[in-house]
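Understanding the architecture of this molecule
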Amino acid sequence: MLETREGRCLALPGCCGDLGDLGEWRTALRHDDPAPATLWIGHPWLLVSGDGSVLTLSGPVEDGAAPASVVARIARNALTEAVAAAEREVARFAGHLRAVCADLVGAEAAPPVASALIG
């Protein structure tokens with residue numbers, strides 16, 4: 001979920017969004033073009049455009065067409081920190097998930113099962 005510091009929701013993951021979409025946010029961080037690119041968060045998705053140290057998120061859209069309403073402008077370094085925090089949280093969750101999977105399917109099968117579940 002994309003939200004303000006005050007907790008106001010700006011965009012929610014879509015119906016097809018999952019933890020594997022974290023890679024989309026890493027890709028968005030590298031986007032440095034004023035032309036929008038897709039930021040997949042499920043249906044509907046967002047668009048990201050870059051201008052130096054600021055990223056603009058717009059949408060949500062279904063057809064990928066610009067222009068779309070601006071959802072947020074965010075400093076690239078702030079989003080970098082947020083993505084890193086999300087990666088740490090997913091890694092922590094993966095550790096718990098592997099432990100549960102080990103109880104269910106055995107220690108040897110647990111890592112690939114947990115990875116498949118996380119995405």
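These notes cover the structure that comes with them.

Thresholds applied
Residues numbered from 1 in each chain as written. Predicted model: local features only at pLDDT ≥ 70, side-chain atom pairs only at ≥ 80, totals over all residues. Heavy atoms only, no water. Helix = DSSP H or I, 4+ residues; strand = E, 2+ residues; numbered from the N terminus. Buried < 20%, exposed > 50% of the residue type's maximum accessible area, 1.4 Å probe, protein only. Contact = heavy atoms within 4.5 Å. Pairing = 2+ DSSP bridges. Axes fitted to C-alpha atoms, helices over the stretch in contact; angles between N-to-C directions. Phe/Tyr/Trp six-rings, centres within 6.5 Å; stacked < 30°, edge-to-face > 60°. Arc of directions from axis to C-beta. Core = buried A, V, L, I, M, F, W, Y, C linked by side-chain atoms within 4.5 Å.

**Some remarks on the side chain of His-31**
Position of His-31 relative to the elements: it lies in the loop between helix H1 (22-30) and strand S3 (37-39). Overall, the relative accessible area of 16% leaves His-31 in the buried class. Ignoring sequence-local partners within four residues, the contact set of His-31 consists of Pro-36, Ala-37, Val-48, Ser-49, Gly-50, Leu-55 and Arg-76.

**A word on the sheet that holds strand S5 (residues 54-61)**
Read from one edge of the open sheet, four strands run S3-S4-S5-S6, paired in antiparallel fashion. Two strands lie at the open edges of the sheet, namely S3 and strand S6 (70-75), each paired on one side alone. On average, each strand axis in the sheet is inclined to that of its neighbour by 30°, with strand direction left out of account. Relative to S6, S5 runs antiparallel, the two sharing five bridges. Counted as the bridge partner of Thr-56 is Arg-73 from S6. With respect to the sheet, helix H2 (residues 76-105) is in contact with strand S4 (45-51), S5 and S6, its orientation differing from that of S6 by roughly 90°.

**Side note on the packing of aromatic side chains**
Any two aromatic rings considered together are summarised by their centre-to-centre distance and by the angle between their planes. A full pass over the atoms with the stated rule returns one aromatic pair. Relative to Trp-45, the ring of Trp-40 lies with its centre 5.7 Å away and its plane at 35°, an arrangement referred to as tilted. When its relative accessible area of 24% is taken as the criterion, Trp-40 is described as partly exposed.

**Some points on H1**
Looking only at H1, the buried set comprises Leu-22, Trp-25, Ala-28 and Leu-29. Each buried residue of H1 lies within a common arc of 105° when the element is viewed along its axis, so the set occupies one face. Buried positions along H1 lie against S3, S4, S5 and H2.

**Overview of the nonpolar core**
One broad rule of soluble globular proteins: the nonpolar side chains tend to lie buried together. Counting residues in hydrophobic clusters, the biggest one holds 23 residues, and the most contacted among them are Trp-25, Leu-39 and Leu-46. Among the elements of the structure, H1, S4, S5, S6, H2 and helix H3 (110-118) are those that each provide at least two residues to this core. Here this core takes six residues from H2, the largest share from any one element. Sequence-distant contacts of Trp-25, that is, excluding residues within four places in its chain, are made with Leu-39, Ile-41, Leu-46, Leu-57, Leu-79 and Val-83.

**A closer look at the side chain of Ser-58**
Here Ser-58 shows up in strand S5. On the basis of relative accessible area, Ser-58 is assigned to the buried category, the value being 9%. Every residue in contact with Ser-58, bar those within four places of it in the chain, is listed here: Leu-46, Leu-47, Ala-68, Ser-69, Val-70 and Val-71.

**As for H3**
Within H3, burial applies to Ala-110, Ala-114 and Ile-118. Projected onto a plane normal to the axis of H3, the buried residues spread over an arc of 60° and lie on a single side. Those residues of H3 that are exposed and angled more than 90 degrees off the buried face are Pro-112 and Ala-116. Where H3 is buried, its residues meet H2. Looking one or two residues past H3, Gly-119 carries a phi angle of roughly 105°, positive in sign.

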